[in-house]
Amino acid sequence: QVQLVESGGGLVQPGGSLRLSCPASGFTFDDYAMGWFRRAPGKKREAISCLTSDGSAAYADSVKGRFTIPRGNAKNTMYLQMNSLKPEDTAIYYCAHYDKDTCKSEYDLWGQGTQVTVSS
């Protein structure tokens, strides 16, 4: 079964860190771009990061310098390292598969999401 399952969300204080995980099953990351997007209450979906198969990463301005996609220790798992979290980062975070190996293509698969809440 082809699927993505996000985990690692939770409640964190402003300035804190979280690491989200997204293991894939039913396919490999090698041939397609992968990324993360988020959806905050009352707001549109926001693409925040993308990683192509050659290891090139791109980030939205809203998270640049704070979020990274580190190399995973587990094969076929993508991570999102989030540092210096702000209340405006509160959202449901989704791991997504692109239909081509470029960040300019479309999502064709995403998981159920994991809630991140940044609050004191």
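The structure we're discussing is the one just above.
In this text, all values refer to a predicted model and were calculated from it rather than measured experimentally.

Peer 1: Help me out: how do you make sense of the packing of aromatic side chains in this one?
Peer 2: Aromatic ring pairs: the centre-centre distance and the angle between the two ring planes describe each pair. Taken as a whole and assessed by the stated rule, the structure comprises 4 aromatic pairs. Both rings, one in phenylalanine 37 and one in tyrosine 94, keep their centres 4.9 Å apart while their planes meet at 10°; by these two values the pair is stacked. Of this pair, phenylalanine 37 sits in strand β4 (residues 34-39) while tyrosine 94 sits in strand β9 (residues 91-98), and the two are 57 residues apart along the sequence. In terms of burial, phenylalanine 37 and tyrosine 94 fall into one category: buried. Consider the rings of phenylalanine 37 and tryptophan 110, whose centres lie 6.3 Å apart with planes at 80°: the pair is edge-to-face. Residue phenylalanine 37 is found in strand β4, and its partner tryptophan 110 is found in strand β10 (residues 107-110); the two are separated by 73 residues along the sequence. Taking relative accessible area as the criterion, tryptophan 110 reaches 42% and is therefore assigned partly exposed. The ring of tyrosine 79 carries the charged tip of arginine 19 above its face, separated from the ring centre by 4.6 Å.

Peer 1: What exactly am I supposed to notice about the environment of alanine 96 here?
Peer 2: Within the fold, alanine 96 resides in strand β9. With sequence-adjacent residues up to four places away left out, alanine 96 is seen in contact with Leu4, Ala33, Met34, Gly35, Phe37, Tyr107, Leu109 and Trp110.

Peer 1: Explanation requested: the state of the cysteines in the structure shown.
Peer 2: Any covalent bond linking the sulfur atoms of two cysteines counts as a disulfide. Taken as a whole and judged by the stated rule, the model has 2 disulfides. With a sulfur-sulfur separation of 2.0 Å, cysteine 22 is cross-linked through a disulfide to cysteine 95. Disulfide cysteine 22-cysteine 95: torsion about the S-S bond near -75°, hence left-handed. Here cysteine 22, found in strand β3 (residues 18-25), pairs with cysteine 95, found in strand β9; they are 73 residues apart in sequence, far enough to count as distant. On the basis of relative accessibility, which here comes to 0%, the residue cysteine 22 falls in the buried class. A relative accessible area of 0% means that cysteine 95 is categorised as buried.

Peer 1: Honestly, the sheet that holds strand β1 (residues 3-4) in this entry has me stumped. Any pointers?
Peer 2: Within a sheet, neighbouring strands are paired by backbone hydrogen bonds and run either parallel or antiparallel to one another. Pairing is antiparallel across the open sheet formed by 4 strands, whose spatial order is β1-β3-β8-β7. Of all the strands in the sheet, just β1 and β7 (67-68) have a single pairing partner and so form its edges. Two strands pair when backbone bridges link them, and β7 and strand β8 (residues 77-82) are joined in this way by 2 bridges, in the antiparallel orientation. What sits directly across from threonine 68, in β8, is glutamine 81.

Reading guide: rules and limits
- Residues numbered from 1 in each chain as written.
- Predicted model: local features only at pLDDT ≥ 70, side-chain atom pairs only at ≥ 80, totals over all residues.
- Heavy atoms only, no water.
- Phe/Tyr/Trp six-rings, centres within 6.5 Å; stacked < 30°, edge-to-face > 60°.
- Helix = DSSP H or I, 4+ residues; strand = E, 2+ residues; numbered from the N terminus.
- Buried < 20%, exposed > 50% of the residue type's maximum accessible area, 1.4 Å probe, protein only.
- Lys NZ or Arg CZ within 6 Å of the ring centre and 35° of its normal.
- Contact = heavy atoms within 4.5 Å.
- Disulfide = S-S within 2.5 Å.
- Pairing = 2+ DSSP bridges.

It is worth stressing that arrangement in space is one thing and function is another; only the former is reported here.
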